[in-house]
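# Coordinate analysis (summary)
This is what each chain is made of:
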Amino acid sequence: MVRLFFLLLPGLIPSWEFFKAIEPSPRVQWRLFSVPLEDGEGWNEFRPRPQRLSLLTILRRLFWNPRWNDSLYLVSLSERLMLNPTQHSVDEIFDRLNFYVSAPDPVEEGPLNLQFRLIFVRREGEQIAESITYMSEPRIYRGRT
Amino acid sequence: MTLDAAFRATEVLIALAFLQQSAEFMLRSGVERAIFAVRIVACLTLLFGAQTELALLVLVVISLWMLHRFQGPHNGGSDRMSLLILWCLTLAQWMPTLFWQEVIFGYLAFQLTLSYFISGRVKIVNPEWRSGRALRDVFAFSAYPVSENLRQLSKRPRLLWAASWAVILFEVVFPLALLNQTLLIAALCIGASFHLSNAIFFGLNRFVWIWVAAYPSLLWFEGRVFGDVF
């Protein structure tokens, strides 16, 4: 109950400091593997944004935008993982990866493992820089169960 | 706008905003999907004005479940505004006297005004916002632009400098709009357009519907507090 109270409080007395500073921005990357990979191998960006959107899609998204809003939740989870890591954030990211990532054709080497990492993008001077800030432990891939 | 009319307008607008949010959660499964289905029923009840007090209580209970389920807001600022409107509306309707109803609904109007003013204040004291650099960074590398093509806007510094100052000035002077009803209506139209542009550029569609749902409180508040003064 105490925890719930402290979750509710910022809703009832909000700070409203939107975009106070432009902080490093997270990207979630994932990989599926049945045999161990090197650290840098096999990573894919989760839900890469499209090159462009049509006017019709933009209008539709005013009313129906579940995937994008879920991606914004992933941004929050990624930021929480850096500031105050909890099992909840890790489980929630895995939950979405299991649901949306499709497995390749069956492989013979054994069960598939799913792993994610967080890349934070920031500006350094005039350059855009990236750094890996979190790497999850692999979990057995369970797909849409 | 009378208090009763503002209550009713807020009920309708929050019901529509919550319906939009809840429909998106119907893609989930299990308990989550079932609870959002209940939320949809409560929203429809509220929308059609039947058993509104009960519907609001159900929505309040679900709001607590959502906080527990997502360990905070699912959708950042829009969920915070959702909580604020829902709790103020519910508490106000359960208050025994008109005085306390007005105090609580006035608090919602006050927070709505702060939501613009504080956002503007934190930007105007930040040199990166004043120079347009911050908005360039938003387009260059933040998670918000909805397409890769939009990132090209980060290479138009003069345009983004002007856009930054337009947003900053609108936000910091917003409280002055309370002094006159025509001015307030104009400011709320600009505010809604601002949220609409955030939905187009950054996919923040839930902000549009939920911020607009708080506007009746301000229209009532302006008439109640400043209507007789000017």
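Before reading on, note that the structure itself is shown above.
Attention here is on the structure that accompanies the text. Please read these numbers as outputs of a predicted model, since none were measured by experiment. (Residues numbered from 1 in each chain as written. Chains lettered and ligands numbered in written order. Predicted model: local features only at pLDDT ≥ 70, side-chain atom pairs only at ≥ 80, totals over all residues. Heavy atoms only, no water.)

Right, let's get into the nonpolar core. Here is a general trend for soluble globular proteins: nonpolar side chains tend to be buried in one another's company. Core analysis: the biggest nonpolar cluster contains 74 residues, and Met81(B), Ile210(B) and Leu218(B) have the highest contact counts within it. With near-sequence residues (within four places) excluded, Ile210(B) lies in contact with Ile14(B), Ala17(B), Phe18(B), Gln21(B), Ser78(B), Met81(B), Ser82(B) and Ile85(B). If you look at the next biggest cluster of nonpolar residues, it comprises 25 residues, including Val28(A), Leu81(A), Leu97(A) and Phe36(B). (Core = buried A, V, L, I, M, F, W, Y, C linked by side-chain atoms within 4.5 Å. Buried < 20%, exposed > 50% of the residue type's maximum accessible area, 1.4 Å probe, protein only. Contact = heavy atoms within 4.5 Å.)

Attention now goes to the packing of helix H1 (residues 3-25) of chain B against helix H4 (residues 76-94) of chain B. All names here are of chain B. Where H1 contacts H4, the two axes come as close as 11 Å, and the packing angle between them is 140 degrees. Taken together, the axis directions place H1 and H4 in an arrangement best described as oblique. In this structure, H1 crosses over H4, and the sense of that crossing is left-handed. In this structure, H1 uses Phe-7, Thr-10, Glu-11, Ile-14, Phe-18 and Gln-21 to contact H4, whose residues at the interface are Ser-82, Ile-85, Leu-86, Leu-89, Ala-92 and Gln-93. Its residues assigned to classes, the contact of H1 with H4 comprises 7 nonpolar, 4 polar and 1 charged. (Axes fitted to C-alpha atoms, helices over the stretch in contact; angles between N-to-C directions. Helix = DSSP H or I, 4+ residues; strand = E, 2+ residues; numbered from the N terminus. Parallel < 35°, antiparallel > 145°, perpendicular 65-115°, else oblique. Left-handed = near helix turned anticlockwise from the far one by under 90°. Nonpolar A, V, L, I, M, F, W, Y, C, P; charged D, E, K, R; others polar.)

Moving on to the pairing of strand E4 (residues 127-135) of chain A. Residue and element names in this part refer to chain A. With 8 bridges connecting them, strand E3 (residues 113-124) and E4 associate as antiparallel partners. Its bridge partner lying in E4, Arg-123 is registered against Ile-128. Count of turn residues in the E3/E4 antiparallel hairpin: 2 residues, of which Gly-125 carries a positive phi of about 65 degrees. (Pairing = 2+ DSSP bridges.)

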